[in-house]
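Next come the chains, spelled out residue by residue.
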Amino acid sequence: MLSSTADRDWWVGCFEAPDQVLAKLATLLDQAQPMDSGCWEMPQATAARIRFRQRRLYAYQLVYWAGNALLPTSDEVVRHLCHNRRCIRPDHLRHGTQRDNKYDELTKLLDGPQSL
């Protein structure tokens, strides 16, 4: 995710403004709708894109990275253990590489749905 110093500086800036981050996280989590599957889905038909601090990103990215106070590296992505990109439930999210993400998808196809 972090492709440059500017990306890293942006995330560091988020942590330097914790009140803004916490307010945005609260808003996102309030908007999420609990599903029978256990996921907390955003109301959009696809993965929700948000604007925060002059940047567009996926809601699940802000929930995971900022919610865990982590700085993503250039090769890290947010993985959905539930395989639902609309989900922002924190315990359904993990970080890893794109390779991990592809492995998750392959495992899902071979094994079928798993419960969290």
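Every value quoted in this text rests on a predicted model; they were computed, and no experiment measured them.

1. Quick look at helix α1 (residues 5-15)
Logical step 1: Among the residues of α1, those classed as buried are Asp-7, Trp-10, Trp-11, Gly-13 and Cys-14. Down the axis of α1, the sector holding all buried residues measures 155 degrees, keeping them to one side.

2. Here we look at the packing of helix α2 (residues 18-31) against helix α3 (residues 59-67)
Logical step 1: Across the interface, α2 lies against α3 with an axial gap of 10 Å and an inter-helix angle of 130 degrees. Taken together, α2 and α3 sit at an angle that is classed as oblique. For the pair α2 and α3, the crossing hand works out as left-handed. Seen from α2, the contacting residues are Val-21, Lys-24, Leu-25 and Leu-28; seen from α3, they are Ala-59, Leu-62, Val-63, Ala-66 and Gly-67.
Logical step 2: When grouped by side-chain class, the residues that make up the contact of α2 with α3 number seven nonpolar, one polar and one charged.

3. Quick look at the confidence of the model for the chain
Logical step 1: Taken over all residues, the pLDDT of the chain has a mean of 89, while the share at 70 or more is 92%.
Logical step 2: The weakest mean pLDDT in the chain belongs to helix α4 (residues 98-111) at 82; the strongest belongs to strand β2 (residues 40-41) at 98.

4. Focus: the nonpolar core
The nonpolar side chains of soluble globular proteins are, as a tendency, buried together.
Logical step 1: Judged by nonpolar contacts, the single largest core of 23 residues is most densely connected at Trp-11, Leu-28, Phe-52, Leu-57, Leu-62 and Ile-88.
Logical step 2: Breaking this core down by element, the ones donating at least two residues are α1, α2, β3 (49-52) and α3.
Logical step 3: In terms of residue count, α3 provides more of this core than any other element does, seven residues in total.

5. Focus: the pairing of strand β4 (residues 55-58)
Sheet faces and side chains relate simply in a regular strand, where the side chains alternate between the two faces.
Logical step 1: Inspection of the sheet shows β3 paired to β4 by four bridges, in the antiparallel sense. Its bridge partner being in β4, Phe-52 is matched across the sheet by Arg-55.
Logical step 2: The loop that links β3 with its antiparallel partner β4 comprises two residues; one of these, Arg-53, has a positive phi angle of about 50 degrees.

6. What to know about the pattern of salt bridges
Logical step 1: Applying the stated criterion across every chain yields a total of four salt bridges.
Logical step 2: The salt bridge partner of Asp-7 is Arg-55, with a shortest N-O separation of 3.1 Å. A residue pair is termed long-range when its members are at least 10 positions apart, and Asp-7 in helix α1 and Arg-55 in strand β4 qualify at 48 residues.
Logical step 3: A residue is classified by how much of its surface remains accessible, and Asp-7, at 11% relative accessible area, is buried.
Logical step 4: Look at Arg-55 and you get partly exposed, because its relative accessible area is 22%.

7. Some details on unusual backbone geometry
Logical step 1: Backbone geometry places Gln-54, a non-glycine residue, at a positive phi of 60 degrees.
Logical step 2: With respect to the helices and strands, the residue Gln-54 is situated in the loop between β3 and β4.
Logical step 3: Among the residues examined, Gln-54 registers a relative accessible area of 74% and is labelled exposed.
Logical step 4: You will see that Ala-69, though not glycine, has its phi angle at about 50 degrees, which is positive.

Rules used throughout
- Residues numbered from 1 in each chain as written.
- Predicted model: local features only at pLDDT ≥ 70, side-chain atom pairs only at ≥ 80, totals over all residues.
- Heavy atoms only, no water.
- Buried < 20%, exposed > 50% of the residue type's maximum accessible area, 1.4 Å probe, protein only.
- Helix = DSSP H or I, 4+ residues; strand = E, 2+ residues; numbered from the N terminus.
- Arc of directions from axis to C-beta.
- Axes fitted to C-alpha atoms, helices over the stretch in contact; angles between N-to-C directions.
- Parallel < 35°, antiparallel > 145°, perpendicular 65-115°, else oblique.
- Left-handed = near helix turned anticlockwise from the far one by under 90°.
- Contact = heavy atoms within 4.5 Å.
- Nonpolar A, V, L, I, M, F, W, Y, C, P; charged D, E, K, R; others polar.
- pLDDT = per-residue confidence, 0-100.
- Core = buried A, V, L, I, M, F, W, Y, C linked by side-chain atoms within 4.5 Å.
- Pairing = 2+ DSSP bridges.
- Salt bridge = Lys/Arg side-chain N within 4 Å of Asp/Glu carboxyl O.

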